[in-house]
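Take a look at the letters that make up each chain.
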Amino acid sequence: MGATSFDLSLLSLSSPGWGGVLLMGLLMSLQVAIGGYLLGLLIGIGGAAGKLWGGPILRDLLEVYTTVVRGVPELVLILILYYAGTDAVNQLMQLLGLPAVDISGLTAGIFVIGVVQGAYSTEVLRGAILAVPPGQLEAARAYGMSPLLSLRRITFPAMLPYAIPGLSNLWLIATKDTALLAVVGFAELTLVTRQAAGTTKAFLTFFLAAGALYLMVTLVSNLIIGIIEKRARRGFARTEGAA
């Protein structure tokens, strides 16, 4: 079968089709993307808070973190974090007198994507918080709100319209970044697609199918993001219209 042939039977879920393998690869990609995105969001929340309200040393460390991650190509970061990170964990276990641990590819993948996502989430959330009109925060203090109450009732709702577009883009980037894990042998969608294409020589069939699956994830994500953004901007839009 030639590399330019297109045979839909190869995408069937039953043997000798590879459809089930592709769907399992997509599932692994989504697991890593969701886990890495949530980890990155947690890092981003802490990083944004540290940059805005932390001490000088903490702010400098976070600045180094975000600058390095955003300045080094993601493929290089993935190779460094995937191999060096797992090796560092086992060396630490050895120093503590504990046996080495076998870190699964899924766990390592989530960690790698999360660290990369965390640097970008830090800047997105920091910018969104800074975009909140100062008058709203001053009004909260005038009403005697504590910093935590002000954060929950004023800062968080007001920053969402500014943060959602950037965070949405980061989610879409996370779904694509999982493909980079193929270089370390993690069986996500891109790797299993390459294996299927290499075995059958039906490169056009499988890479078009993989592209369609990635596009499907993007389209569904855009629908969900649109609903979330519309809800977050309800009061925001009316305020702008009244101005």
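All figures in this text were calculated on a predicted structure; none of them were measured in a lab.

Draft legend 1. Here's a closer look at the packing of aromatic side chains. The full count for this structure, using the stated rule, is three aromatic pairs. Where W18 meets F206, the ring centres are 6.4 Å apart and the plane angle is 80 degrees; that geometry is what we call edge-to-face. Of this pair, W18 sits in the segment before α1 (19-53) while F206 sits in helix α8 (residues 203-232); the two residues are 188 residues apart in sequence, bridging distant segments of the chain. Seen in terms of ring centroids, Y82 and Y83 are 5.4 Å apart; in terms of plane orientation they differ by 80 degrees. Their pairing is edge-to-face. For Y82, a relative accessible area of 14% corresponds to the buried category.

Draft legend 2. Representation of the UniProt feature "transmembrane region" (unreviewed entry) in the protein. UniProt feature "transmembrane region" (unreviewed entry): in the numbering of this structure it lies at residues 21-45, 65-84, 96-120, 179-197 and 203-228. Secondary structure content for residues 21-45 is 100% helix and 0% strand, and the end C-alpha separation is 36 Å.

Draft legend 3. Up close: a nonpolar patch on the surface. A cluster of nonpolar side chains, namely M216, V220, L223, I224 and I228, defines an oily patch on the protein surface of about 480 Å² accessible area. Along the chain, the position of V220 falls in helix α8. Note on V220: relative accessible area 44%, which makes it partly exposed.

Draft legend 4. Looking closely at the side chain of S221. For S221, the position within the fold is in helix α8. When its relative accessible area of 8% is taken as the criterion, S221 is described as buried. Within polar-contact distance, the side chain of S221 engages the side chain of W171 at 2.8 Å. The residues contacting S221, other than those within four sequence positions of it, are W171 and L172.

Draft legend 5. Geometry of the packing of α1 against helix α4 (residues 105-131). The geometry of α1 relative to α4 is characterised by a closest axis approach of 5 Å and an angle of 40 degrees between their N-to-C directions. One finds that α1 runs oblique with respect to α4. Where α1 crosses over α4, the handedness of that crossing is right-handed.

Draft legend 6. Quick look at the packing of α1 against helix α2 (residues 56-71). At their nearest, the axes of α1 and α2 sit 8 Å apart, and the two run at 135 degrees to each other. Classified by the interaxial angle, the pair formed by α1 and α2 is oblique. The interaxial crossing formed by α1 with α2 has left-handed handedness. On the side of α1, the interface is formed by I43, G47, G50 and K51, while α2 contributes L58, R59, L62, E63, Y65 and T66. Of the residues contributing to the contact of α1 with α2, the split by class is four nonpolar, three polar and three charged.

Cut-off values and rules
- Residues numbered from 1 in each chain as written.
- Predicted model: local features only at pLDDT ≥ 70, side-chain atom pairs only at ≥ 80, totals over all residues.
- Heavy atoms only, no water.
- Phe/Tyr/Trp six-rings, centres within 6.5 Å; stacked < 30°, edge-to-face > 60°.
- Helix = DSSP H or I, 4+ residues; strand = E, 2+ residues; numbered from the N terminus.
- Buried < 20%, exposed > 50% of the residue type's maximum accessible area, 1.4 Å probe, protein only.
- UniProt positions renumbered as here; feature names shortened; annotations may be inferred.
- Patch = residues over 30% accessible without salt bridge, like charges linked within 9 Å, V, L, I, M, F, W, Y side chains within 5 Å.
- Areas by Shrake-Rupley, 256 points an atom, 1.4 Å probe, with all protein chains shown as cover.
- Salt bridge = Lys/Arg side-chain N within 4 Å of Asp/Glu carboxyl O.
- Polar contact = N/O pair within 3.5 Å; in protein donor to acceptor, adjacent residues only side chain to side chain.
- Contact = heavy atoms within 4.5 Å.
- Axes fitted to C-alpha atoms, helices over the stretch in contact; angles between N-to-C directions.
- Parallel < 35°, antiparallel > 145°, perpendicular 65-115°, else oblique.
- Left-handed = near helix turned anticlockwise from the far one by under 90°.
- Nonpolar A, V, L, I, M, F, W, Y, C, P; charged D, E, K, R; others polar.

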